[in-house]
Amino acid sequence: MIPLGDAQERILAAIAPLPPRAVPLAGARGLVLAREVVATEMIPPFANTAMDGYAVQARDTAGASDATPATLQVVGELAAGVAPSTPVGPGEAIRIMTGAPMPAGADAVVMVERTKSDGGRVEIFQAATAGDHVRPAGGDLETGQRVFEVGTLLTPAHLGVLASLDVHEVVCHPRPRVGVCSTGDELVPSGPLAPGMIRDSNRPMLLAVLEEAGCEAVDYGIARDDEAALTDTITRAVDECDALLTSGAVSMGDYDFVKVVLERLAAERPASTYAWMQIAIKPAKPLAFAAIGGVPAFGLPGNPVSSRVSFELLARPALRKLAGRADIAATPVVATARSAFKRRADGRVHYDRVVVAYEAGAYVCERAGFQASNVLSGMAAATGLAILPDGDGVEAGADVEVLLL
Ligand code: AMP
Ligand code: MG
């Protein structure tokens, strides 16, 4: 068995970020910028008011208070989206709405709550200072300023900024396109079960977890435990995708052909690597990994919990690297074990499925049901994986590291 860190390192070493390309803004959420963005305009593009109120010359309001209001002549009204035409002269004010451009002559805005108007004139109950409630042109971004650097992970707010700058396409590492196939003669996708058959749970689960991880998931169905059939599916998938997840057939069974096929394809194609690893973790000990012509293929274990945990610990970091992300490793949080987490020493680190809660300023966790690699309902109930180092477990009340799912 090899430590998890060694397996992760080995996999990451075989993977490079996908080559950047231009991506429309609408499809760029969650992608990583590969070219910096420079502002070609100011944001805001013009000075405007941050408040509904009156645009004034601040000096006209000197000394104004509730008891001694300043009275100004209202010479116009400005809604957002309207270009100002009337300037504000001494003794004058213009009724103005949030976002409307500042009219010439005015240097401050008094919020409407501090005024009273009969339409023709307005009483101002507060002395304004030049600049009050004015958002200057370029106050957020200046022309020529670097807005986002290479490596920025684009969130919805980033897309908003880019749209405000009239940027509708960004150069990013593309969304990884990841194939998923299940293996096993016992699997059916749906419907009644003949004796010995079960329904395929890994494929829907992995397709969904890929979508959640910001990848484009592609369904390659169920491959039979047949070397030729498996070769056909895996070949198609690595030719059409940026990465592949299979599940099952990586253990010590007589029909575990994923290992055989990945190893052979890697041997046939240049720039390939292959490794079958026994990793010192539970669940998810076996993993067949190949980079076939640079396309990573993960032969995840078949037991559904193992499949999901193996994805989390081994495939997810690799997919992040493909996507150009810098935050490749998951960071655990520290939680208090609500009850004892007993285990036996077996040379492996255990990743127990746990329910995590945030209570009174700290995380607490407890086991989510029966811990066996085929009990997927426990995985479904879990919101974290508690990392239990080799040994006999942790006592109730002890700190335990947890990867939040
Ligand atoms: P294997 O490694 O192929 O022998 O699979 C290990 C266990 O996981 C067996 O009990 C399989 O029936 C089960 N298994 C494999 N693939 C799936 C799947 N896609 N959905 C549900 N169970 C599976
Ligand atoms: Mg199988």
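Attention here is on the structure that accompanies the text.

About the thresholds
- Residues numbered from 1 in each chain as written.
- Chains lettered and ligands numbered in written order.
- Predicted model: local features only at pLDDT ≥ 70, side-chain atom pairs only at ≥ 80, totals over all residues.
- Heavy atoms only, no water.
- Buried < 20%, exposed > 50% of the residue type's maximum accessible area, 1.4 Å probe, protein only.
- Helix = DSSP H or I, 4+ residues; strand = E, 2+ residues; numbered from the N terminus.
- Contact = heavy atoms within 4.5 Å.
- Phe/Tyr/Trp six-rings, centres within 6.5 Å; stacked < 30°, edge-to-face > 60°.
- Lys NZ or Arg CZ within 6 Å of the ring centre and 35° of its normal.
- Salt bridge = Lys/Arg side-chain N within 4 Å of Asp/Glu carboxyl O.
- Pairing = 2+ DSSP bridges.
- Axes fitted to C-alpha atoms, helices over the stretch in contact; angles between N-to-C directions.
- Core = buried A, V, L, I, M, F, W, Y, C linked by side-chain atoms within 4.5 Å.

## Describing helix 3 (residues 202–212)
Each turn of an α-helix holds 3.6 residues, which means side chains three or four residues apart point in the same direction.
Logical step 1: Among all positions of helix 3, only Asn202, Arg203, Met205, Leu206, Leu207, Val209 and Leu210 are buried.
Logical step 2: Where helix 3 is buried, its residues contact strand 14 (177–183), strand 17 (216–223), strand 18 (243–247), strand 22 (295–300), helix 6 (304–322) and helix 7 (376–381).
Logical step 3: The first or second residue beyond helix 3 is Gly214, which carries a positive phi of 85°.

## Some details on the packing of aromatic side chains
Given two aromatic rings, their pairing is described by the distance between the two centres and the angle made by the two planes.
Logical step 1: Applying the stated criterion to the full structure yields two aromatic pairs.
Logical step 2: Plain terms: the ring middles of Phe289 and Phe298 are 5.2 Å apart, the flat faces sit at 55° to each other, and that makes the pair tilted. Taken as a pair, Phe289 and Phe298 share a single burial class, namely buried.
Logical step 3: For the ring pair Tyr358 and Tyr363, a centre distance of 4.9 Å and an interplane angle of 65° mean the geometry is edge-to-face.
Logical step 4: Above the plane of the ring of Tyr54 lies Arg95, whose end atom (NZ or CZ) is 5.7 Å from the centre.

## Things to note about the pattern of salt bridges
Logical step 1: Taken as a whole and assessed by the stated rule, the structure comprises 21 salt bridges.
Logical step 2: Put simply, Glu227 and Arg264 hold a salt bridge, and the shortest N to O gap is 3.6 Å. Placement of Glu227 in helix 4 (residues 227–240) and of Arg264 in helix 5 (residues 257–268) is noted, with a sequence separation of 37 residues between them.
Logical step 3: Residues joined in a network through salt bridges with shared partners are Arg343, Asp346, Arg348 and Asp390.

## Focus: the sheet that holds strand 21 (residues 286–292)
Logical step 1: Strands sit in the order 17-14-18-22-21-19 across an open sheet of six strands; the sheet is mixed. The sheet terminates laterally at strand 17 and strand 19 (273–278), the two strands that pair on one side only. Going from strand to strand, the sheet's axes swing by 15° on average, the running direction of each strand aside.
Logical step 2: In this structure, strand 19 lies alongside strand 21, joined through six bridges in antiparallel fashion. By the bridge assignment for strand 21, Met277 is matched with Leu287.
Logical step 3: Helix 3 contacts strand 14, strand 17, strand 18 and strand 22 of the sheet and is inclined by roughly 170° relative to strand 17.

## Digging into the nonpolar core
Logical step 1: Counting 39 residues, the largest nonpolar core has Ile11, Leu210, Leu245, Phe311 and Tyr351 as the members making the most contacts within it.
Logical step 2: Contact partners of Leu210, with chain neighbours within four places excluded, come to Val178, Val180, Cys215, Ala217, Leu245, Phe311 and Leu319.
Logical step 3: Membership of the second largest hydrophobic core comes to 22 residues, among which are Cys181, Tyr220, Ala237 and Val250.

## A word on the environment of Val305
Logical step 1: Counting through the fold element by element, Val305 comes out in helix 6.
Logical step 2: Since its relative accessible area comes to 0%, Val305 is described here as buried.
Logical step 3: Put simply, Val305 and Ala284 are 21 residues apart on the chain and 7.9 Å apart in space, counted from C-alpha to C-alpha.
Logical step 4: Apart from residues lying up to four places away in sequence, Val305 is in contact with Pro283, Arg353, Ala372, Ser373, Asn374, Val375, Leu376 and Met379.

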